[in-house]
Amino acid sequence: MSTDTIVTHPGGFVAGREYSNNGPALPITNPGTGHVFAEVPGGTEADVDAAVQAAREALDEWSALAVSKRGEILAAAAHHVEEHIDELVPLLTREQGKTLRDSRIEITKAIDTLMHYAGLSKALRGAHAPNLDPGVDGTVLRRPLGVVGAIVPWNFPTTLLSNKLAPAVVAGNTVVAKPAGTTPLTTLRYAELLAEGGLPAGVFNVVTGSGSVTGTALVKHPLVRKIAFTGSTPVGEQIMALAARGTKRVTLELGGSDPMIICDDADVAAAASAASMGRFYNCGQACLAIKRVYVFDAVADEVIEQITAKAKRLKVGRGDAEGSQMGPLHTAVQRDEVAGQVQRTLDVGGTLTAGGGPPEDPELGGGFFYMPTVVVDPPHDAPMATEEVFGPALPIWRVSGLDEAIERANASQFGLGSSVWTRDLHRARQAAERIEAGYTWINSRTKVYDELPFGGWKSSGYGKEHGEEAFDFYTETKSVVIRSGP
Ligand code: NDP
């Protein structure tokens, strides 16, 4: 018997207030119990148009403000969100499934990113080229793109949104966000709080609903100048194709299958701990989770034993239960996909050393749980090697040395993150140079810094988020030539 009560939300936040979508109601499920606890109507093309028109109306006034004023307003709004974090944390856990601790970490990071770009507003400059000819100077202005569509998935609804919202609005754009159909509630409340905190009406709008209807309508809308997307590679490719009509700008943060290389001179305990945290955090549902481990033969047994022991020790439970260290997967489909990838891998080889199925605890029967899983030495063409595994299952391979490890690491369509564990500076440098990925952590793991650009190579994406570089993807430059002499 469900203890969840069904709540409803009109589904949108447009021009500074709640907005009622006109599409059919979409159920919102608590992944820890499997119960539907809310219903939110999806946005239609007309609802997307209302949100985009509101963003367009707000654009001229917003982009005319001094950049530092926009930063000041964003900082005040972010501060207001921070004051209400205790309200957002359980809401995120309820609709996403992650533990309360992970929800707090996520939302804290999302607020940090808003603050970071608010501060960076003072660094948003163009360039100056004096004396191009006698009496002639050149200036490169940065202008906002206009209305930006932000399409965000369900694994980190608030951080992945802030990564787009913060540089976009500081650069003078206005935004319409479409969260995942299964995680609209935290985003809607986030938007309300930002508005209460002083972000002017229309600068940030939200229209919820399905990707196929609401998402597609946003990408196709003629007034949307840019789409910033995080999600799967196939959908990213569809969006890029659709955005070609109208020559819209796109940034794509897509899938990953991040390799971790553990050398024979590594701090084995630290590396094993990083592998476990890097794979099982957020129930493995992160683009830059560690998804493949390559360990030198000499330390392989030790590493496998330690990672397996950690996987077995993790306390799996509902996100809101005391002491839970890993929550459920986000949906039953997601859980079945991961279970299928593990099974298809074991069918062709490899040794299961931990997990491999749902928990035995009948209390968890209704939720979408899957135990932390470790598979050792499956074939290199098995599904766990070639596909993105978006859940708590880690393959580990023994390798003969650095050359083999790098070759295996690069034998993937993805190129998002990577890590190498060694005390040898030369090896670390070689790995950083040769691994095909947008990020390489050395003796460290999976933490993305606002200070550094982040973005994938190969099928992992196009464009950068974070860093000052993010501004390049939310502005056009204009060269202005000024003749002041005779
Ligand atoms: P999707 O790529 O399908 O969804 C991401 C976002 O895009 C959601 O808001 C979704 O809306 C929207 N969307 C879906 N289709 C379209 C479309 N045609 N046009 C515009 N927007 C669209 O990812 P899923 O959530 O379905 O996850 C599937 C797989 O993708 C995962 O198993 C994982 O492998 C990968 N993934 C990777 C992520 C990463 O961070 N790298 C994040 C999430 C997923 P809606 O949810 O309403 O369909």
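Before any of the text, the structure's been laid out above.
(A) Representation of the overall build of the protein within the structure. In terms of helices and strands, the protein carries 14 helices and 23 strands. Reported as C-alpha extents along the three principal axes, the dimensions of the protein are approximately 75 × 65 × 40 Å. Relative to its full complement of 486 residues, the protein shows a buried share of 55%. In the protein, of all internal contacts separated by at least 6 residues, the share reaching a separation of at least 24 is 73%. With an accessible surface of roughly 19500 Å², the protein has 53% of that area assigned to carbon and sulfur atoms. Between the mean site of the 44 positive side-chain charges and the mean site of the 57 negative ones, the protein shows a separation of 4 Å.

(B) Here's a closer look at the environment of Gly12. By the element assignment, Gly12 lies in strand 2 (residues 11-14). For the pair Gly12 and Thr187, spaced 175 residues apart in sequence, the C-alpha separation works out to 9.8 Å.

(C) Examining helix 9 (residues 268-280) more closely. The end-to-end C-alpha distance of helix 9, which contains 13 residues, comes to 18 Å, matching closely the 18 Å that a straight helix rising 1.5 Å per residue would cover. Of the positions making up helix 9, those classed as buried are Val268, Ala271, Ala272, Ala274, Ala275, Ser276, Gly278, Arg279 and Phe280. Contacts from the buried residues of helix 9 go to strand 13 (258-262), strand 14 (290-296), helix 10 (297-313), strand 16 (373-376), strand 17 (393-399) and strand 19 (419-421). Positioned one or two residues after helix 9, Asn282 has a phi angle of 60°, which is positive.

(D) How the structure looks around the site of the ligand. Not every one of the 27 residues close to the ligand is listed here, only the nearest: Val152, Trp154, Ser232, Leu254 and Cys287. In this structure, an oxygen atom belonging to the ligand sits 2.5 Å away from a side-chain N or O atom of Trp154. In the environment of the ligand, an oxygen atom lies 2.9 Å from a nitrogen or oxygen atom belonging to the backbone of Gly181. In isolation the ligand has 860 Å² of accessible area, and contact with the protein removes 81% of it. Of all elements in the fold, only helix 7 (211-220), strand 11 (224-230) and helix 8 (233-244) reach the threshold of two or more residues within the shell around the ligand.

(E) A look at the packing of helix 3 (residues 85-96) against helix 4 (residues 100-120). The N-to-C vectors of helix 3 and helix 4 enclose an angle of 125°; their axes lie 9 Å apart at closest approach. When the axis of helix 3 is compared with that of helix 4, the two are oblique. Of the two elements, helix 3 crosses helix 4, and the hand of that crossing is right-handed. Contacts between helix 3 and helix 4 involve Ile85, Asp86, Leu88, Val89, Pro90, Leu92 and Thr93 on the former and, on the latter, Leu100, Ser103, Arg104, Glu106, Ile107, Thr108 and Ile111. Tallied by class, residues from the contact of helix 3 with helix 4 come to eight nonpolar, three polar and three charged.

(F) View of the packing of helix 2 (residues 67-83) against helix 5 (residues 159-170). Contact geometry of helix 2 with helix 5 gives a least axis separation of 9 Å together with a crossing angle of 145°. Within the contact between the two elements, helix 2 uses Val67, Arg70 and Leu74 and helix 5 uses Ala166, Val169 and Val170. Class assignment of the residues belonging to the contact of helix 2 with helix 5 gives a composition of five nonpolar, no polar and one charged.

(G) Representation of helix 7. Taken as a whole, helix 7 has its buried residues at Thr214, Gly215, Ala217, Leu218 and Val219. Check the buried side of helix 7 and you find it contacts helix 1 (45-64), strand 8 (147-151), strand 9 (174-178), strand 10 (204-207), strand 11 and helix 8.

(H) Structural view of the environment of Ala432. Along the polypeptide, Ala432 turns up in helix 14 (residues 425-434). C-alpha separation for the pair Ala432 and Val420, spaced 12 residues apart in sequence, amounts to 8.1 Å. Among residues more than four places away in sequence, those in contact with Ala432 are Thr440 and Ile442.

(I) Representation of the sheet that holds strand 8. Taken together, eight strands build an open sheet; the order of strands is 3-2-10-9-8-11-12-22 and the sheet is mixed. Looking at the sheet topology across the chains shown, the edges are occupied by strand 3 (17-20) and strand 22 (461-462). Sheet analysis places strand 9 next to strand 10, joined by three bridges and oriented parallel. Residue pairing for strand 10: Val175 is matched across the bridge by Phe204.

Cut-offs applied
- The numbering scheme is per chain: residues are counted from 1 as the chain's sequence reads.
- Local features are withheld for residues below a pLDDT of 70 in this predicted model, meaning they are given only at 70 or higher, and side-chain atom pairs are given and counted only at 80 or more; totals for whole chains, interfaces and linings count all residues.
- Calculated side-chain values reflect all of the structure's heavy atoms, with hydrogen atoms and water omitted.
- Strands are runs of DSSP state E lasting at least 2 residues, helices are runs of H or I lasting at least 4, and numbering of each runs from the N terminus.
- For each residue, the accessible area found with a 1.4 Å probe, counting protein chains only, is set against the maximum for its type, and the residue is called buried under 20%, exposed over 50%, and partly exposed in between.
- We call two residues in contact when some of their heavy atoms are within 4.5 Å.
- The Shrake-Rupley method, run with a 1.4 Å probe, gives the accessible areas here. Residue values count only the displayed protein chains as cover.
- When charges are counted, neither His nor the chain ends are considered; positive counts come from Lys and Arg and negative counts from Asp and Glu.
- To locate a charge, take atom NZ for lysine, CZ for arginine, CG for aspartate or CD for glutamate.
- A helix is expected to span 1.5 Å multiplied by its residue count minus one.
- Near, as used in this document, describes a residue that has one of its heavy atoms within 4 Å of the molecule or strand being considered.
- Think of a polar contact as two N or O atoms within 3.5 Å of one another; within protein, one of them needs to be a possible hydrogen donor and the other a possible acceptor, and neighboring residues in sequence only count if both atoms come from side chains.
- In this analysis an axis means a line fitted to C-alpha atoms, helices contributing only their contacting stretch, and an angle means the value between N-to-C directions, from 0 to 180 degrees.
- Note on angle classes: values under 35 degrees are labelled roughly parallel, values over 145 roughly antiparallel, values of 65 to 115 roughly perpendicular, and the remainder oblique.
- Put simply, a crossing is left-handed when the front helix is turned counterclockwise from the back one by less than a right angle, and right-handed when it is turned clockwise.
- Note that Gly is not counted as nonpolar here; it falls among the polar residues with everything else outside the nonpolar set of Ala, Val, Leu, Ile, Met, Phe, Trp, Tyr, Cys and Pro and the charged set of Asp, Glu, Lys and Arg.
- Strand pairing requires that DSSP identify at least two bridges connecting the strands.

Worth remembering: the numbers are spatial, not functional.
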